[in-house]
Amino acid sequence: MQFSAHTLLPYASGALGAWDSPEGICLRRLTPQQLQQFDADPHRAIRTRCNAGIVLEMDTDAAALEMDYRLQKDAPRPYGYVEVFVDGAPFAAEGSDTQMALEGSLRLALPSGTKRLQIVLPALHEMAISRLALQGETRVAPVAHRFRYLAFGDSISQGYDAIFSSQAYPTRIARAIDALLVNQAIGGDVFRANYPQALPGFAPDLITVAYGTNDWSSRAREDFEEAMAGFFQNLHSAYPGAPVLAITPIWRADGEELPRFGPFGAVGEAIRRECAKYGYTVIDGLSLVPHDSRYFYDARLHPNAEGFGHYFANLIGAVRQTLKIE
């Protein structure tokens, strides 16, 4: 079985659309209206086209997997991997800790029998899949998940700086609770009033919102508070019954500085006040990752794999409590 954009989309968890380009199958995780909000900002626009949270997954008895892909030259980070899991366990990976090649291939013999095959795409690259095929299959079925999870946020929620995208906290949460994840986080982003939109056919059981660190470093407090209020108002209108976990900014090494916004802690205080209007649960981001630069890839802002491990471990309890998972 060889996939086209049309036949792949039902198996592309986290993708809202797919199309065939001259270079191969392309996937997107934002709506066209959301993408338009970044047209005037080419640096962030590149990040909107990256494949954060997208997993190609299926239950199949295929004997082999073949995959060829191309990456766009411009990418937020040079590192990354295409990761393959079989029945939830790591099986293979193609990529680099330092610089992914712009073209790559996978040729894998798979274990016999029916299994769950998952291909985690690199969160910080835009990819065209020039060939995706199964060999020897008699059964291929989409994966049915227990929950649906929608993630908003900035670079940390997009996956900076997990070398393996499966280590980012939204992907870890989705795997832990058996959720279909749509990750709409964008590196460098801030609260945008008009960004939340009701996604057709997608009713989330859980929403996480994790902005604020870029608002603090780049905005006046008045602009932040206005945009944040609009964001939560539109989020509530789009998903009036969905439980929301609003995560205040995690520790950053320069958090003692005083930009025009004011003290770093003022971001969390404002988020708490706004979320109280809607009954949203607020998570203290400062409690999630140890305040130590060794847990950060850049020693100051973006968690590394170990830092994301703490983020996930300290957040998953609130997620389970929200979803009433024993």
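Conventions used here
- Residues numbered from 1 in each chain as written.
- Predicted model: local features only at pLDDT ≥ 70, side-chain atom pairs only at ≥ 80, totals over all residues.
- Heavy atoms only, no water.
- Helix = DSSP H or I, 4+ residues; strand = E, 2+ residues; numbered from the N terminus.
- Buried < 20%, exposed > 50% of the residue type's maximum accessible area, 1.4 Å probe, protein only.
- Contact = heavy atoms within 4.5 Å.
- Areas by Shrake-Rupley, 256 points an atom, 1.4 Å probe, with all protein chains shown as cover.
- Axes fitted to C-alpha atoms, helices over the stretch in contact; angles between N-to-C directions.
- Left-handed = near helix turned anticlockwise from the far one by under 90°.
- Nonpolar A, V, L, I, M, F, W, Y, C, P; charged D, E, K, R; others polar.
- Pairing = 2+ DSSP bridges.
- Salt bridge = Lys/Arg side-chain N within 4 Å of Asp/Glu carboxyl O.
- Core = buried A, V, L, I, M, F, W, Y, C linked by side-chain atoms within 4.5 Å.
- Parallel < 35°, antiparallel > 145°, perpendicular 65-115°, else oblique.

Considerations on the overall build of the protein chain
Part 1: Counting its regular elements, the protein chain contains nine helices and 16 strands.
Part 2: In terms of its C-alpha atoms, the protein chain occupies a principal-axis envelope of roughly 60 × 40 × 35 Å.
Part 3: Per-residue burial for the protein chain yields a buried fraction of 57% across its 326 residues.
Part 4: The long-range share in the protein chain, meaning contacts at least 24 apart out of those at least 6 apart in sequence, stands at 79%.
Part 5: For the protein chain, the accessible surface area stands at approximately 13400 Å², while carbon and sulfur atoms represent 48% of it.

A short note on the packing of helix 7 (residues 221-238) against helix 8 (residues 265-276)
Part 1: Between helix 7 and helix 8, whose axes approach to 10 Å, the crossing angle comes to 35°. Handedness of the helix 7/helix 8 crossing: right-handed. Seen from helix 7, the contacting residues are R221, F224, E225, M228, A229 and F232; seen from helix 8, they are A266, V267, A270, I271, R273, E274 and C275.
Part 2: Per-class residue counts for the contact of helix 7 with helix 8 are nine nonpolar, no polar and four charged.

A short note on helix 5 (residues 169-177)
Part 1: Counting buried positions over the nine residues of helix 5 gives seven, a clear majority of the element.
Part 2: Within the sequence span of helix 5, burial applies to Y169, P170, T171, R172, I173, A174 and I177.
Part 3: Buried-residue contacts for helix 5 involve strand 12 (147-153), helix 4 (155-158), strand 13 (179-183), strand 14 (206-210), strand 15 (244-247) and helix 9 (305-323).
Part 4: One or two positions beyond helix 5, positive phi appears at D178, with a value near 60°.

Topic: the sheet that holds strand 15
Part 1: Strands sit in the order 13-12-14-15-16 across an open sheet of five strands; the sheet is parallel. Looking at the sheet topology across the chains shown, the edges are occupied by strand 13 and strand 16 (281-283). Sheet twist, expressed as the average angle between the axes of neighbouring strands with direction ignored, equals 20°.
Part 2: Strand direction decides the pairing type here: strand 12 and strand 13, joined by five bridges, are parallel. In the sheet register, F147 faces strand 13, and the bridge partner there is A179.
Part 3: Sheet strands in contact with helix 9 are strand 12, strand 14, strand 15 and strand 16, and its direction is about 155° off that of strand 15.

A word on the pattern of salt bridges
Part 1: The full count for this structure, using the stated rule, is 16 salt bridges.
Part 2: With a closest N to O distance of 2.8 Å, D59 and R116 form a salt bridge. Of this pair, D59 sits in strand 4 (residues 55-60) while R116 sits in strand 9 (residues 115-120), and the two are 57 residues apart along the sequence.
Part 3: The exposure class assigned to D59 is buried, which follows from its relative accessible area of 14%.
Part 4: Here the salt bridges do not stand alone but share partners, grouping D41, R44, D189 and R192 into one network.

So, the pairing of strand 2 (residues 17-21)
Part 1: In the sheet, strand 2 pairs with strand 3 (residues 24-28) via five bridges, with the strands oriented antiparallel. Bridge pairing links D20 to I25 in strand 3.
Part 2: Linking two consecutive strands that pair antiparallel, namely strand 2 and strand 3, is a turn of two residues.

Topic: the nonpolar core
Side chains of nonpolar character tend, in soluble globular proteins, to be buried together.
Part 1: F152, F191, I207, V209, F231, F232 and L235 are the most contacted members of the largest nonpolar core, which has 33 residues in total.
Part 2: Listing elements by their share of this core, those giving two or more residues are strand 12, strand 14, helix 7, strand 15 and helix 8.
Part 3: Every residue in contact with L235, bar those within four places of it in the chain, is listed here: F152, P196, I207, V209, V244 and Y280.
Part 4: One finds F147, I177, L181 and F296 within the second-largest nonpolar core, a separate group that totals 31 residues.

Describing the packing of helix 5 against helix 9
Part 1: Interaxial distance between helix 5 and helix 9 falls to 9 Å at its minimum, and their mutual angle equals 45°. The orientation of helix 5 relative to helix 9 falls into the category oblique. Read as a crossing pair, helix 5 and helix 9 show a hand that is right-handed. Contacts from Y169, R172, I173, A176 and I177 of helix 5 reach helix 9 at A305, F308, G309, Y311, F312, L315, I316, V319, R320 and L323.

Description of the environment of M1
Part 1: Examined against the element boundaries, M1 turns out to sit in the segment before helix 1 (5-8).
Part 2: Overall, the relative accessible area of 36% leaves M1 in the partly exposed class.
Part 3: In this structure the C-alpha to C-alpha distance between M1 and A62, which are 61 residues apart in sequence, comes to 9.3 Å.

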